[in-house]
Amino acid sequence: MKLKVKSVVLASLMSALFVTGAYAAELKVGYVNTQRIFRDAPAAQKAAKKLEGEFAKRDQDLQRMAKQLQGLQENLEKNSVTMAESERRSKEKEFGELSREFQRRQREFREDLNLRQNEENAAVIEKANKAIKQIAEADKFDLILQDVVWVSPRLDITERVIKALSEAK
């Protein structure tokens, strides 16, 4: 529903802007590829490295835990027939507890990582929006769009925004 409202508002805006042929000739439109900013902008790359460093130890712990679980499972599958009933139950209980702990830690890891990614992305977007506004004011753009289905490459100012973000270090 939200997307439909955005589309209707954008269509209405574009219709209003293009009503007169004279004004349409003067309209200056630009486009910024947000995904490319997240991929190529120095601030975004720095944020990604920061997150990688921040979450590397927890990721390694999870990988170690996953290997431990896999080893327990293989041991159970291979030796359950020859184990005493009490030993088998004990190993199954240990596997179940470790599996639940692993799933809990994995869920917490994903939630924490998503939260931090959203925080870092918001900071990058804030910087990018400032750069876009400066470019728009300096070059007298009437409209700058993000997230469109298709755009002519001549309207794409993403490279200028990335360059502005690089210079803003």
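Figured I'd write up the structure that's included with this text. (Residues numbered from 1 in each chain as written. Predicted model: local features only at pLDDT ≥ 70, side-chain atom pairs only at ≥ 80, totals over all residues. Heavy atoms only, no water.)

## Regarding the overall build of the protein chain
Looking only at helices and strands, the protein chain has six helices and two strands in total. Written out in order from the N terminus, the α and β elements of the protein chain read α-α-β-α-α-α-β-α. Relative to its 169 residues, the protein chain shows a buried fraction of 26%. In the protein chain, once contacts between residues fewer than 6 apart in sequence are set aside, the share between residues at least 24 apart is 78%. When the accessible surface of the protein chain is totalled, it reaches about 12300 Å², and 52% of it is carbon and sulfur. (Helix = DSSP H or I, 4+ residues; strand = E, 2+ residues; numbered from the N terminus. Buried < 20%, exposed > 50% of the residue type's maximum accessible area, 1.4 Å probe, protein only. Contact = heavy atoms within 4.5 Å. Areas by Shrake-Rupley, 256 points an atom, 1.4 Å probe, with all protein chains shown as cover.)

## With respect to the pairing of strand β1 (residues 29-32)
Here β1 shows two buried faces, one formed by Val29 and Tyr31 and the other by Gly30 and Val32. Bridge analysis of β1 against strand β2 (residues 143-146) gives four bridges, and the strand direction is parallel. From the neighbouring strand, Tyr31 faces β2, where its bridge partner is Leu145. (Pairing = 2+ DSSP bridges.)

## Brief notes about the side chain of Thr34
Relative to the helices and strands, Thr34 is located in helix α3 (residues 34-40). If near-sequence neighbours (up to four positions away) are discounted, Thr34 is found in contact with Ile125, Gln146 and Asp147.

## Points about the nonpolar core
Counting residues in hydrophobic clusters, the biggest one holds 16 residues, and the most contacted among them are Val32, Ile37, Val161 and Leu165. Mapped by element, the contributors of at least two residues to this core are α4 (42-79), α5 (85-139) and α6 (158-167). Those residues within four positions of Val161 in sequence are excluded, and the remaining contacts are Val32, Ile37, Ala128, Ala131, Ile132 and Ile135. By size, the runner-up hydrophobic cluster in this structure holds nine residues, among which are Phe55, Leu62, Leu69 and Phe102. (Core = buried A, V, L, I, M, F, W, Y, C linked by side-chain atoms within 4.5 Å.)

## Remarks on the environment of Gln63
Examined against the element boundaries, Gln63 turns out to sit in helix α4. The class of Gln63 is partly exposed, set by a relative accessible area of 45%. Considering only alpha carbons, one finds Gln63 and Phe102, 39 residues apart in sequence, at a separation of 9.6 Å.

## What about the pattern of salt bridges?
Under the counting rule described, the total for this entry stands at 18 salt bridges. With a shortest N-O distance of 3.1 Å, Arg89 and Glu85 are connected by a salt bridge. Remark: Glu85 and Arg89 occur in helix α5; sequence separation between them is four residues, near one turn of the helix. On the basis of relative accessible area, Glu85 is assigned to the partly exposed category, the value being 40%. Put simply, Arg160 and Asp139 hold a salt bridge, and the shortest N to O gap is 2.4 Å. With a gap of 21 residues between them, Arg160 in helix α6 and Asp139 in helix α5 connect regions that are remote in the sequence. Under the relative-accessibility criterion, Arg160 is labelled partly exposed at 36%. According to the relative accessible area criterion, Asp139 is partly exposed, its value standing at 24%. Among the charged side chains, a salt-bridge network with shared partners connects Lys50, Glu54, Arg116, Glu119 and Glu120. (Salt bridge = Lys/Arg side-chain N within 4 Å of Asp/Glu carboxyl O.)

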